Structure formats: C-alpha cells, structure tokens
Amino acid sequence: MRLTKGFIPTLKEDPSGAEVISHRIMLKGGMVRLLAAGVYSYLPFLWKCLLKVQQIIREEMNAIGGQEFLFPALNPLDLWDETGRNADFGDDVFRLKDRKGRGMLLAPTHEEVVGDIARHEIRSYRDLPQIWYQIQTKFRDEPRPRSGVLRSRQFIMKDSYTLDTSQEGLDRGYELHARAYRRIFARCGLKFFEAGASSGLMGGTGSQEFLVEGEAGEDRAVVCDNCGYVMNEEVAQSDWKVEPGTAAELEEVHTPDKRTIEEVSAFLDIEPQRLVKSLLYMTAGDEPVMFLVPGSHDLNESLAMRVAGGPLRPADPEEVLNIMGAQVGFVGPVGAPDGLRIIADKSLQGLLDGATGANRDDYHVVHMNLERDVNVSEYTDLRIVEAGEACIECGEPVRIITAIEMGHIFKLGTKYSESLGATFQDEQEEEKPIVMGSYGIGVERIAAAAMEQRADEDGICWPASIAPYHVYLLPVNMSDERLVGAAEELYEKLHAGGLEVLYDDRNVQAGTKFKDADMLGLPLRINVGVRGQETGVVEMVHRATRETVEVPFDEVVPYVRHAIDEEIAGYDRYADEIAGG
RNA sequence: CGGGGCGUGGCGCAGUCCGGUAGCGCACCUGCUUUGGGAGCAGGGGGUCGCCGGUUCAAAUCCGGCCGCCCCGACCA
C-alpha cells in the first residue's frame, strides 16, 4: 500500500480523552474513530490486523471441528423470555420494536439462537456432538463504556457453542476449546495466563478465563507463584484468619455519627479486621440475608451469590432500617431478627473479641463473641482476597494481577436446553436435554491487549502474525530520484515476494515518516537513504528492539521474508508447546 | 445511577471568573526554499462558540433546562 493512496490519518498531537495506551495509539495512529460512546469505526489499518486475528481464530476453531455460522444479530424478544434472560440482562441489552410492534433485541450473545436451532434440528444422539461458532458483532449497552475498544458497546466476538449428549462430552468440548484458545492467543503473539472464573450471568458449572496482564484491564486475578493457583478475584479464596482475641462481656458503646469502618475503628481504637462488617442483601424473592466480613476486607459478591443460591442486591437504606431497626452504619448481627440468615466469612470463625453495629443508631457493640452472641447460619469464604494473604492451596503469599479478559469459556450444562426444550433421543429412546458449552473471544481486545503489552512511548510493536503489514518502506527523501527509484524497485520486489508493504511515498520530512513508522509499529522498517546509495545497502530497523542492520539491496526480500517467518514460527512453536493434550 | 471534568475552524487548546472586533499552534490551499527524527518564508480559505430558552442596548462569556464526550465509582460474561 502506498501511503499517498491509503487512508491512515495519524495525528500529530495526543488525542484528548484517551487515557489507556491502546486507546491513545489507536486514535493517534489513525486506526479507530469514535462515533458514539463505546461505538467505534475501525479504519483500514486496524481492520487488517483484526482480519488476521479472525483468520487465526478460524484456523484454530476449524482445527477442533468447529463449523462457522452467521447467526442473526437481530433477535425476537420472545425467545429471550423463554430463557428468562431478557429480564436478566436488564438495561444491558439494546431493545427495539419492529414496524408491527414486535419486541426485538440486538443480541449480546447467542445461546438462545443456538438453542433454537438445536431444538428444531437436533433429534438424535447420532446428531451430536456439534461445535458451532461465528465471528460477529455483538451489542451490549454497557453502563459505562471505557478504555477505547476494551469495553465498548458494539464489538466483534468469536462465540462458539458445543452441543453434547453428556457431561463427559461437554468436558471434551470444553478441553478442545481450552487448547484452541491457548493456540490462538499464542499465535497472536500474546503473553497470557488462565484463571478459574465465575460464570456470572451465563450460569453453568465451570468457567475459565484467558487473561493478559495489563493496567488497563478490569479484571483482577489472585496468583500464587509457588503452586500455580490462579483465580479471578471474583472466585478466589485465601487462607487467612482474624486473630480471635480474648473473650469478654458484650458491651454497648456510644459511637455518635461514626458509621464507616475507618471512623469506628479509629474512634474505638480497634483494628479494622476485628470490626465485623455487616452487609444486608436481598434475594430475588426479597428475602434478607446478612453477610459478615472483617472490616479490613470487602465482600465478594460472586461468592455471596453462590452461597445464597441466586442473585442478590444490596438492601436499600429504608429496607435496612425496617429490617434491622437501625440506620446503615449501625447494624450488626447481634440481636438480629429471628430467622435472619446470617452467613459469615470463614476468617471470622472462632472470633472471641469483635466489634460491630448495635442495631441502634449511634451505638456499636464491643467484645462480641461470634459463637456466643450471634446465630451464624454458615461460615464460608466471602471476602475479596488481598495481596500477601496465604494461598488457599499451598499457604505461600499470593499476588494480585490486573488483567484484560481476552476469552472466557463456560460449561453451561442444560440450563438453556431445558428452558428452550432442546432435547435429543438417546440410545434407550429416552428424551434428554442437550448438554451445552459456550466460549467467547473478544477480537478487538486481542489487538488492544497486544498494544497494552507491547507498546513503548513511540507506539505499538505489532507481533508479526497480526501486524497489518510486514514492513514499512521509507525513502528518506522523495526529491532524490535515486532513492525513489530504489524504493519503487524494492516495493515491487517485496510485493512479488508475497510480503505486505506499507510504502511511505509521501513527500514529507523524514522525521514525520519516522514518527509515523514508530507509531504504526510494523515489525520491520526499511530506510532507503543516501548513505546506502554508494554501497548498495538499505537500513533494516527492527521495531521492537530498534536493532539496525545494513542489508544489501538484493538481499532485502529474503531478509524480510526470513525475519517475518521466523517470528511467526516462534509463536507457532509456543502454541504447540502450551496447547496441551 | 452518584461524583468530577470537558464541549470554541479538521485536530489540540486559549478566551468564560470581570458581557462589547472570535484567537493561537498544528493541519489544509497557492508559491518559493528545504529534505535522515514531526521544516522555513510569504500569501490564503475555513468557526450556527454543543442545543434550546432567558437576562441585556449587547452573550462564547451571566441564568435555567437539555444533549454529548471523558475520568472515578456503582454496574458489567
């Protein structure tokens, strides 16, 4: 591509409103443009990268027996009412009406459509297993789109679905996907890791995330370097306990206007961890449940929902007042209403000397002995793990990593097939629900994560496997006919050699070209300058290392070919090593 | 949804407090010079100052409402 004919509108100045590095580079490098909050146009340069990512995904999905579909993005609301997810998704889904007034939505995911096809077409165990996938635009009306394409409202997802006759079949399909995902991310040149995860709105029995470490990410993972325990913070546990202390008589103390953990612990001179945080939540059926966690920690809502057996919402201040008889900030488990389910974090088990709200405005109680003073229904892990706590598996201190979620795989089971009536007949002529799995990859996030992981202050350094072009051809001075002649000739030769070249044939200062070349970050750059004219060489600059070598004119094509092939082969070898099984 | 910030030529910003000729840099067009890390000189084009309403002789500027975008939080596969 000649830059004079191409459309890569790079910016000279930093764009406003782009905080994370991938967003900044995408705007500055002329790769994306904003249309509305969380809605982006992908310009040709980035789109070439995204097409390469999609091609790698296709190859790996096809390799595990996946069949590519294209499901409709426009879905009837009725179908989503059948699974209950029209309500579950709430405001996060875009809804509209057709001309007849029928409710429709723009699909945020496709379990329902897959289930609908399956229930009409899958009759027998002989039809199974199936692996269906698509690469398609998804719509989610995120409450707060942010960080450029990392959390947008319209984005490209590879989603796939396994249909099986049994849990064992599902396990196989799930493992095939895990391997394919490892190969995909490895081939895209990413350093990634895997973590156990929460299945959230998807439901089901197991799930795992593929993550890339990066400050711009929204996920946090608890990692043990000693034993390899890696869990998303949402489901992570640790081995940590509050020191029990010594028992004493329960005492009510006046704590006027002291509501927060900080205020109360400072006022009473009690360590925050001994101050028991009492959080009232409401179940879907509006039943109250109280969760107790040490004041030093936050409640892990995923774990709370798991133990409560369903979705929860924090009780609003009025409900708290009605149920507990005191304002938020002064409620506690001591003297709670009869029958209130109280679930405590394991770290509090055996606590002899704690403090908490007295269920009376402006009062707290001290010397609380949990066993003696509180009717705890259950002890379980409920707290968000903090860095340095002992690993639940091996006891060594854990780290916490901020990361970008690239992919997520779920064992769904029969949740959707049952609600949709997607069944098959087994060998015994018995009608059974299809066992499903679902698996997603955020396509733009791969490009963004590559930037977060590999950019420097000048721009991105693309992995060769997904780089929009292989090489940046840069004649230093367009008014020097010798240079232009040499560059033109190289351009033709590189093309003929099957290489993708971005040829900067603009008549601008060399410095401008260098800046753009660094920003756009192709793996190699060829400087065609006067210096090499006499000796018949060009400068070959490796973007990632800045290493510069002189390459004789006639060896340019094989040099580039070799460098690109070697880098990609390295990713392929890595993919082979880590894919497993 | 709560908190904060912002909205002025294509881009980045000043001007708003204290009302009175819309400005700067970059980009763009023409010409000349220049050409290895975002060139110089000369000339030129381009703006309903987010929208609606109000106050005023007069509003980018003051007041009210609305919209949009960004950040933090809540939320979120």
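Worth saying up front: this structure is predicted, and the values here are computed from it rather than measured.

Our focus in this paragraph is the overall build of chain A. Counting its regular elements, chain A contains 16 helices and 31 strands. Overall, chain A is about 95 × 65 × 50 Å in size when its C-alpha atoms are taken along their principal axes. Burial analysis of chain A (581 residues in total) assigns 46% to the buried set. Long-range pairs, those at least 24 residues apart, make up 72% of the contacts in chain A with a sequence separation of at least 6.

In contact at an axis separation of 9 Å, helix α2 (residues 44-63) and helix α6 (residues 167-187) are set at 155° when each is read in the N-to-C sense. Comparing their axes, α6 and α2 come out roughly antiparallel. The way α2 lies across α6 gives a crossing that is right-handed. Residues Ile56, Ile57, Glu60, Met61 and Ala63 of α2 touch α6, and the partners they reach there are Ala180, Arg183, Ile184 and Arg187. Its residues placed into classes, the contact of α2 with α6 shows 6 nonpolar, no polar and 3 charged.

Now for unusual backbone geometry. Of the consecutive residues leucine 128 and proline 129, the connecting peptide bond is found in the cis state with omega at 0°. With respect to the secondary-structure elements, proline 129 resides in the loop between α5 (111-121) and β7 (130-139). We note that serine 147 has phi near 55°; this positive angle belongs to a residue other than glycine. Positionally, serine 147 belongs in the loop between β7 and β8 (154-164). Positive phi is not limited to glycine here, since aspartate 257 has a value of about 65°. We classify aspartate 257 as exposed; it has 9 C-beta atoms within 10 Å.

Strands sit in the order β4-β6-β5 across an open sheet of 3 strands; the sheet is antiparallel. Each of the sheet's edge strands pairs with one partner strand only, and the pair in question is β4 (74-76) and β5 (94-97). Each adjacent strand pair in this sheet contributes to an overall mean axis angle of 35°, direction not counted. Both β5 and strand β6 (residues 103-106) contribute to a ladder of 4 bridges, which runs antiparallel. In the strand pairing of β6, arginine 95 is matched with leucine 105.

To continue, consider the confidence of the model for chain A. As a note on interpretation, predicted positions should not be read in detail where pLDDT is low. Overall, the prediction assigns chain A a mean pLDDT of 94, with 99% of residues at 70 or greater. The complex model carries a pTM of 0.95, and its ipTM stands at 0.95.

Moving on, we come to the nonpolar core. Counting residues in each nonpolar core, the largest one holds 123 residues, and the members touching the most others are Val53, Met406, Val471, Leu473 and Ile526. Residues lining this core come from more than one domain, with at least three contributed by each of domain 1 (21-236 + 400-452) and domain 3 (471-573). Not counting chain neighbours up to four residues away, the residues in contact with valine 53 comprise Cys188, Val443, Ile446, Ala447 and Ile466. If you look at the next biggest cluster of nonpolar residues, it comprises 34 residues, including Val276, Tyr281, Val320 and Met324.

In terms of domain boundaries, chain A breaks down into domain 1 (21-236 + 400-452), domain 2 (251-380) and domain 3 (471-573). Centre-to-centre separation of domain 1 and domain 2, based on C-alpha positions: 37 Å.

If you check helix α12 (residues 443-454), its first and last C-alpha atoms are 17 Å apart, about what 12 residues at 1.5 Å a residue would give, namely 16 Å. Most of α12 sits out of view: 11 of its 12 residues are buried. Buried residues of α12: Val443, Glu444, Arg445, Ile446, Ala447, Ala448, Ala449, Ala450, Met451, Glu452 and Gln453, and no others.

The subject of this paragraph is helix α14 (residues 510-520). Every buried residue belonging to α14 is among Lys513, Asp516, Ala517, Asp518 and Leu520, and all of these are buried. Close packing links the buried residues of α14 with α2, β27 (471-475) and β29 (524-528). One or two residues past the end of α14 sits glycine 521, with phi positive at roughly 60°.

This part takes up the packing of α6 against helix α16 (residues 556-579). For any two helices packed against each other, the geometry comes down to the angle between their axes and how far apart the axes lie. Between α6 and α16, whose axes approach to 8 Å, the crossing angle comes to 155°. Relative to α16, α6 is oriented roughly antiparallel. The way α6 lies across α16 gives a crossing that is right-handed. For the pair α6 and α16, contact is made by Arg179, Arg182, Arg183, Ala186 and Arg187 and by Tyr571, Asp572, Tyr574, Ala575, Ile578 and Ala579, respectively. Partitioning the contact of α6 with α16 into residue classes produces 6 nonpolar, no polar and 5 charged.

Definitions and limits used
Here the residue index of a chain counts from 1 through its sequence in written order. To read the labels, note that chains go from A and ligands from 1, taken in the order they are written. Whole-chain, interface and lining totals are the exception, using all residues; otherwise, since this is a predicted model, local features are given only for residues with pLDDT of at least 70 and side-chain atom pairs are given and counted only at 80 or more. By definition, any uninterrupted DSSP run of H or I lasting at least four residues is a helix, any uninterrupted run of E lasting at least two residues is a strand, and each is numbered from the N terminus. Buried residues are those with 20 or more other C-beta atoms within 10 Å of their own C-beta, exposed residues have 12 or fewer, and partly exposed residues lie in between; C-beta atoms are placed from the backbone. Any two residues are considered in contact once their C-beta atoms, placed from the backbone, lie within 7 Å. Lines fitted to the C-alpha atoms define the axes, with helices restricted to the stretch that makes contact. Angles between their N-to-C directions range from 0 to 180 degrees. Any angle from 65 to 115 degrees is called roughly perpendicular, while one under 35 is roughly parallel, one over 145 is roughly antiparallel, and all others are oblique. With the far helix as reference, a near helix turned anticlockwise by less than a right angle produces a left-handed crossing, and one turned clockwise produces a right-handed crossing. As a working rule, the residues Ala, Val, Leu, Ile, Met, Phe, Trp, Tyr, Cys and Pro are called nonpolar, Asp, Glu, Lys and Arg charged, and the rest polar, with Gly in that last group. Note on pairing: DSSP must find at least two bridges between two strands before they are called paired. Scored from 0 to 100, pLDDT records how confident the predictor is in each individual residue. What we call a nonpolar core is a set of buried Ala, Val, Leu, Ile, Met, Phe, Trp, Tyr and Cys residues whose membership is set by joining through C-beta atoms within 7 Å. What marks off one domain from the next here is an automatic or database domain assignment. Every helix has an expected span of 1.5 Å times one less than the residues it contains.

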